[in-house]
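# Analysis of the macromolecular model
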Amino acid sequence: RAAAIGSIRDDLRNAAASLRIIRQMQEAESDRPEIVGGNDDDATIFGALFTNAIILYARATFTSGARPALLGEEGLSADDKATHDEVKTLRNSVFAHYGRGEETEDGPIVRDAVVRSFNRNQYRYGVYTTRALHKVGLGARMEALIVARLAQIEAKLQKLLDDVETRLNDAASTDAALGRSLPQYEFDADKFCASRGAADHMRTRMSSGELEDTDYTTAVPKPAT
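Bear in mind that the values here come from a model prediction, so they are computed numbers and not experimental data.

The rules behind each value
- What you see as residue numbers is a count from 1 along each chain, following the sequence as written.
- Given that this is a predicted model, residues contribute local features only at a pLDDT of at least 70 and side-chain atom pairs are listed and counted only at 80 or more, while totals for whole chains, interfaces and linings are drawn from all residues.
- Remark: hydrogens and water are excluded; side-chain values derive from all non-hydrogen atoms of the structure.
- To qualify as a nonpolar core, a set must consist of buried Ala, Val, Leu, Ile, Met, Phe, Trp, Tyr and Cys residues joined through side-chain atoms within 4.5 Å.
- Think of it in three bands: with a 1.4 Å probe and only protein chains considered, a residue is buried below 20% of the maximum accessible area for its type, exposed above 50%, and partly exposed in between.
- Secondary structure elements are defined from DSSP: runs of H or I of at least 4 residues count as helices, runs of E of at least 2 residues count as strands, and each element is numbered from the N terminus.
- Only heavy atoms enter the contact rule, under which two residues are in contact if any of them lie within 4.5 Å.
- Only rings of Phe, Tyr and Trp enter the pairing, Trp through its six-membered ring, and a pair is recorded when the two centres are within 6.5 Å. The plane angle decides the type: under 30 degrees is stacked, over 60 is edge-to-face, the rest tilted.
- Whether a charge lies above a ring is judged from NZ of Lys or CZ of Arg, which has to be within 6 Å of the ring centre and within 35 degrees of the ring normal.
- Computed over the protein atoms alone on a 1 Å grid, cavities are sets of points where a 1.4 Å probe fits but cannot get out and pockets are open sets with protein on both sides within 12 Å along at least five of seven lines; a residue lines them when it has an atom within 4 Å of a point.
- Grid points are joined across faces, edges and corners, and a volume is the space filled by probe spheres set on the points.
- Only Asp, Glu, Lys and Arg are considered charged in this grouping, and only Ala, Val, Leu, Ile, Met, Phe, Trp, Tyr, Cys and Pro are considered nonpolar; every other residue, Gly among them, is considered polar.
- Here an axis means a line fitted to C-alpha atoms, over the contact stretch when the element is a helix, while the angle between two N-to-C directions is reported on a 0 to 180 degree scale.
- Angle categories: roughly parallel below 35 degrees, roughly antiparallel above 145, roughly perpendicular from 65 to 115, and oblique for all the rest.
- Throughout, a crossing is termed right-handed when the near helix is turned clockwise from the far one, and left-handed when it is turned anticlockwise from it by less than a right angle.
- Nonpolar side chains (Val, Leu, Ile, Met, Phe, Trp, Tyr) within 5 Å and like charges within 9 Å form the patches, drawn only from residues with over 30% relative accessible area and no salt bridge.
- The protein chains shown are the only cover counted for residues, whose accessible areas, like all others here, come from Shrake-Rupley with a 1.4 Å probe.
- We count a salt bridge whenever a side-chain nitrogen from Lys or Arg sits within 4 Å of a carboxyl oxygen from Asp or Glu.
- A 3.5 Å cut-off defines polar contacts: any pair of N or O atoms within that distance qualifies, except that in protein one atom must be a possible hydrogen donor and the other a possible acceptor, and neighbouring residues in sequence count only when both atoms are side-chain atoms.
- Looking at any residue, its pLDDT shows the predictor's confidence there, from 0 to 100.
- Multiplying one less than the number of residues by 1.5 Å gives the expected span of a helix.

## Re the nonpolar core
One recurring pattern in soluble globular proteins is that nonpolar side chains are buried together. Grouped together as the largest cluster of nonpolar side chains are 31 residues, with contacts concentrated most on Ile8, Leu12, Ile54, Tyr57, Leu138, Met142 and Ile146. Listing elements by their share of this core, those giving two or more residues are α1 (2-28), α2 (41-61), α3 (78-95) and α4 (136-174). When neighbours within four sequence positions are excluded, Leu12 is seen to be in contact with Tyr57, Ala60, Thr61, Leu71, Ile146, Arg149, Leu150 and Ile153.

## With respect to the packing of aromatic side chains
Throughout the structure, instances matching the rule amount to 2 aromatic pairs. Each ring, one from Tyr123 and one from Tyr125, has its centre 5.9 Å from the other, and the planes form 80°; the classification is edge-to-face. On the basis of relative accessible area, Tyr125 is assigned to the exposed category, the value being 56%. Directly above the aromatic system of Phe62 lies the positively charged group of Lys88, at a separation of 5.4 Å from the ring centroid. Across from the ring centre of Tyr123, 4.3 Å away, lies the NZ or CZ of Arg116, which sits over that ring.

## Digging into the layout of surface pockets
In this structure, the largest pocket encloses a volume near 1400 Å³. Residue lining of the largest pocket: 30 residues in total, with Phe192, Met202, Glu212, Asp213 and Thr214 positioned closest to the centre. Elements with a contribution of two residues or more to the lining of the largest pocket: α1, α4 and α7 (196-207). If one sorts the elements of the lining of the largest pocket by residue count, α1 sits on top with 9 residues. The residue makeup of the lining of the largest pocket, split by class, is 14 nonpolar, 8 polar and 8 charged. Computed from the structure, the second largest pocket encloses a volume of approximately 260 Å³.

## A few points about the packing of α1 against α2
One can describe the packing of α1 onto α2 by two numbers: an axis separation of 8 Å at closest approach and a directional angle of 155°. Comparing their axes, α2 and α1 come out roughly antiparallel. The two elements α1 and α2 cross, and the hand of that crossing is left-handed. For the pair formed by α1 and α2, the contact residues are Ile8, Asp11, Leu12, Asn14, Ala15, Ser18, Leu19, Ile21, Ile22, Met25 and Gln26 on the first element and Asp42, Ile45, Phe46, Leu49, Phe50, Asn52, Ala53, Leu56, Tyr57, Arg59, Ala60 and Thr61 on the second. The residue makeup of the contact of α1 with α2, split by class, is 15 nonpolar, 5 polar and 3 charged.

## Re a nonpolar patch on the surface
Together, Val114, Tyr123, Tyr125 and Val127 give the surface a local cluster of nonpolar side chains, amounting to about 500 Å² of exposed area. Here Tyr125 shows up in strand β2 (residues 125-131).

## Comments concerning the side chain of Thr61
By the element assignment, Thr61 lies in helix α2. A relative accessible area of 9% places Thr61 in the buried class. Within polar-contact distance, the side chain of Thr61 engages the backbone oxygen of Tyr57 at 2.8 Å. In contact with Thr61, not counting residues within four places along its chain, are Leu12, Leu71, His84 and Arg149.

## Quick word on the packing of α3 against α4
Between α3 and α4, the least distance of the axes is 9 Å, while the angle of their chain directions is 115°. Taken together, α3 and α4 sit at an angle that is classed as roughly perpendicular. Between α3 and α4 lies a crossing of left-handed hand. Where α3 abuts α4, its residues Asp80, Thr83, His84, Glu86, Val87 and Leu90 lie against Leu138, Arg141, Met142, Ala144, Leu145, Ala148 and Arg149. Here the residues of the contact of α3 with α4 are counted per class, giving 7 nonpolar, 2 polar and 4 charged.

## Side note on the confidence of the model for the chain
Residues of the chain with pLDDT of at least 70 account for 98%, and the chain-wide mean is 86. No element of the chain has a lower mean pLDDT than helix α5 (residues 176-181), at 86, and none a higher one than α4, at 92.

## Some points on α4
The first and last C-alpha atoms of α4 sit 57 Å apart over 39 residues, in line with the 57 Å expected at 1.5 Å per residue. Buried within α4 we find Leu138, Gly139, Met142, Glu143, Leu145, Ile146, Arg149, Gln152, Ile153, Leu157 and Leu160. Buried residues along α4 sit in contact with α1, α2 and α3.

In structure tokens form, the structure reads like this:
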């Protein structure tokens, strides 16, 4: 349960990071002219990040799976509960399964239409689709919601870790052999980490008694040619 809620916390942190990157990119290009035609790479990035935030938040809070459901809807303010419900609807009816998302507060995610030209000499049909790759208002509300969720996580995680310590101490006090055997179960940083550098960094932190959260990002390898 402690490991599961740590994983949930990681999902929420990455969802928040996706929303933050969208906001920062928007602020940096606020004066950019509208692009008509062609591919807009920034719009694609916004859409991917927004989808990622929705999916990760859903996975952390209401999607069933192998992890125990440790974060329900209790303790949310009325505004946060409304945002939570909106994200839940979008995840279920737009992002995980096709839907237009008409229920969103600031307009649907998808609009589509079949259009017939008015040229009397030669008529043509076209299919037009407009897609809101992200929702600015919802993104801002989600950032506030995730802050509240992370505060809930910290309290739950500390309670679970305290319970782990209590149970382990109780077990060791009733079984002397258990206490003596614990040092042999050394954490294998090399198997856990994605690189040797990350493993060495973790071992250094552990040997100094520092076990707080640590992010260690490795370079993405280029595909073999």
